[in-house]
Amino acid sequence: MPSMPQNDNRRMASPLVGFVGWLAICFVAAAIGGLASANAGDFYNQLTRPNWAPPAWLFAPVWTMLYVMMAVAAWIVWRDKGWHKGRTALSLFLVQLAANALWTWIFFVWHLGAAAFAEIALLWLLIAATVVVFWRIHKLAGALLLPYLAWVSFATALSYAMWQRNPQIL
């Protein structure tokens, strides 16, 4: 059986390496947020929550799924445009990813309710903008971010409700 030319091996490996890279970037952001949420379950359970607030155990599986979908979306844009032509979209993605990790610190470590609400509102705008630019590049990339936008929409309402219900803590 003839061996595959070296260039074909690189062409096939590059998308895989890129995908692993985007997964790593997303899960580094998740880990940074995870450091801040090490005791989040205890703190969350101390808060007066609205009756529509999900149980603490639900957040980890939802976020895991969302981070995978975010990585796939970024990878699609990177694969289609590369870093040079996709720089604006991918930079926006990285900015919203950093804002995502920051919210956990503001809310769960520093207990700053107003700042957490303002920051998550900014995060929502950054995600919405990322959806738009990703959608223009590749519809699937934009669509993969819609569950994330929906979850952060819910989280924005939840953040506000908990800030309002817990002024002595937040």
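In case you missed it, the structure is sitting above this.
On a predicted model such as this, the values are computed, not experimentally measured, just so you know.

**Digging into the packing of aromatic side chains**
Phase 1: In total, this model carries 19 aromatic pairs according to the counting rule given.
Phase 2: Measuring from ring centre to ring centre gives 6.0 Å for Phe 43 and Phe 107, while their planes differ by 75 degrees; the resulting arrangement is edge-to-face. Taken together, the residues Phe 43 in helix α2 (residues 40-46) and Phe 107 in helix α4 (residues 87-109) connect sequence positions 64 residues apart.
Phase 3: The class for Phe 43 is buried, based on a relative accessible area of 7%.
Phase 4: Here the aromatic rings of Phe 107 and Phe 108 are separated by 4.9 Å at their centres, their planes lie at 80 degrees, and the arrangement is edge-to-face. For the pair formed by Phe 107 and Phe 108, the shared burial category is buried.
Phase 5: What links up through ring pairs into an aromatic cluster is the set Tyr 44, Trp 52, Phe 59, Trp 151 and Phe 154.
Phase 6: A cation over an aromatic ring shows up here: Arg 49 above the ring of Tyr 44, its NZ or CZ 4.8 Å from the ring centre.

**Observations regarding helix α3 (residues 59-85)**
Phase 1: The largest bend in α3 amounts to roughly 75 degrees and is located at Arg 79.
Phase 2: The set of residues buried in α3 consists of Val 62, Trp 63, Leu 66, Tyr 67, Met 69, Met 70, Ala 71, Ala 73, Ala 74, Trp 75, Ile 76 and Val 77.

Here is what the cut-offs are and how they apply
- Residues numbered from 1 in each chain as written.
- Predicted model: local features only at pLDDT ≥ 70, side-chain atom pairs only at ≥ 80, totals over all residues.
- Heavy atoms only, no water.
- Phe/Tyr/Trp six-rings, centres within 6.5 Å; stacked < 30°, edge-to-face > 60°.
- Helix = DSSP H or I, 4+ residues; strand = E, 2+ residues; numbered from the N terminus.
- Buried < 20%, exposed > 50% of the residue type's maximum accessible area, 1.4 Å probe, protein only.
- Lys NZ or Arg CZ within 6 Å of the ring centre and 35° of its normal.
- Bend = angle between axes of the 7 residues up to and from the residue.

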